[in-house]
Amino acid sequence: DYRELLRADYLFLNPRLAAYYGAKPPDANATGFRPVSLPGQGRSGVVTHPYLLATFAYADQTSPIHRGVFLARHLLGRALKPPPNAIEFKDAEFDPHLTMREKVTELTKAADCMSCHAVINPLGFSLERYDAAGRIRHKDKEKPVNTTSEYLTADGRPLTFKRAGDVAAYAAGNEWSQKKFIEQLFNHVAKQPARAYGRDTMDELWKSFSKDNFNVPNLLAEIAVVVAMGPPPPKPVK
């Protein structure tokens, strides 16, 4: 279930990683990875997976901008323009007592930045409860971590995201996000965009996906059939 991919409250861990991430370890005698629940950590599927959190962070601190851009583009299907000016994040130039959220807010406060960062920042801030390695934390610079932000959807609706789970829940039930998932899965399987197989292909796959309770294996099978049938023949030129 695509929604389980986003909302699962467990991680697959071995005893060593369970200890590192503050989870009750699976059977110490077991080999390989086992699903382990992490109560109180607010885990939410791939959105809070340590690999994603660590990939989109600096070596020693979080990066709400990198995390937010990933969620905006690849989870929520939002289009982001290239920044008008490339601005390097220079941590040494900020007051050392500022939290990462405070630094990012200061860095992106200009109006030309906020045209995109109004989308990026709330998503990135929702993941601030997880450090650069994806471990749970409650303070940054000895201040309580603040993960609450106001987010404006693609169709102009204001939402309040208080935690990562709110972002995941929104994506799980949002048509834009569901279609983005289909698009990326199609590209991965076919190595071509779905549009190459007909203008209605995406809509047809989404309708089938939603009726099938968002079953990912069945979606993969449908994509395979579409690819096997090939692109539609070109229309004759009049």
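Please refer to the structure placed before this passage.
Below, the structure is looked at part by part.

Quick notes on the rules
- Residues numbered from 1 in each chain as written.
- Predicted model: local features only at pLDDT ≥ 70, side-chain atom pairs only at ≥ 80, totals over all residues.
- Heavy atoms only, no water.
- Helix = DSSP H or I, 4+ residues; strand = E, 2+ residues; numbered from the N terminus.
- Contact = heavy atoms within 4.5 Å.
- Buried < 20%, exposed > 50% of the residue type's maximum accessible area, 1.4 Å probe, protein only.
- Core = buried A, V, L, I, M, F, W, Y, C linked by side-chain atoms within 4.5 Å.

Focus: the environment of P25
- Relative to the elements of secondary structure, P25 occurs in the loop between α2 (15-20) and β2 (34-37).
- Residues P25 and E175 lie 150 residues apart in sequence; the distance between their C-alpha atoms is 37 Å.
- Here P25 is in contact with P15 and A18, once residues within four sequence places are set aside.

What about unusual backbone geometry?
- Phi at N213 is positive, roughly 55 degrees, even though this residue is not glycine.
- On the secondary structure map, N213 appears in the loop between α9 (201-211) and α10 (216-229).
- Of the residues examined, N213 reaches a relative accessible area of 52% and is grouped as exposed.
- The phi dihedral of F214 falls on the positive side, at around 60 degrees, and the residue is not glycine.
- Mapping F214 onto the fold places it in the loop between α9 and α10.

Considering the nonpolar core
- Y2, L6, V47, L75, L123, F209 and L219 are the most contacted members of the largest nonpolar core, which has 39 residues in total.
- Setting aside anything within four residues of it in sequence, one finds L123 in contact with G68, L71, A72, L76, Y151, F161 and V167.
- Listed in part, the seven residues of the second largest apolar core include A18, Y21, A23 and L38.

All we've got here are geometric facts, nothing functional implied.
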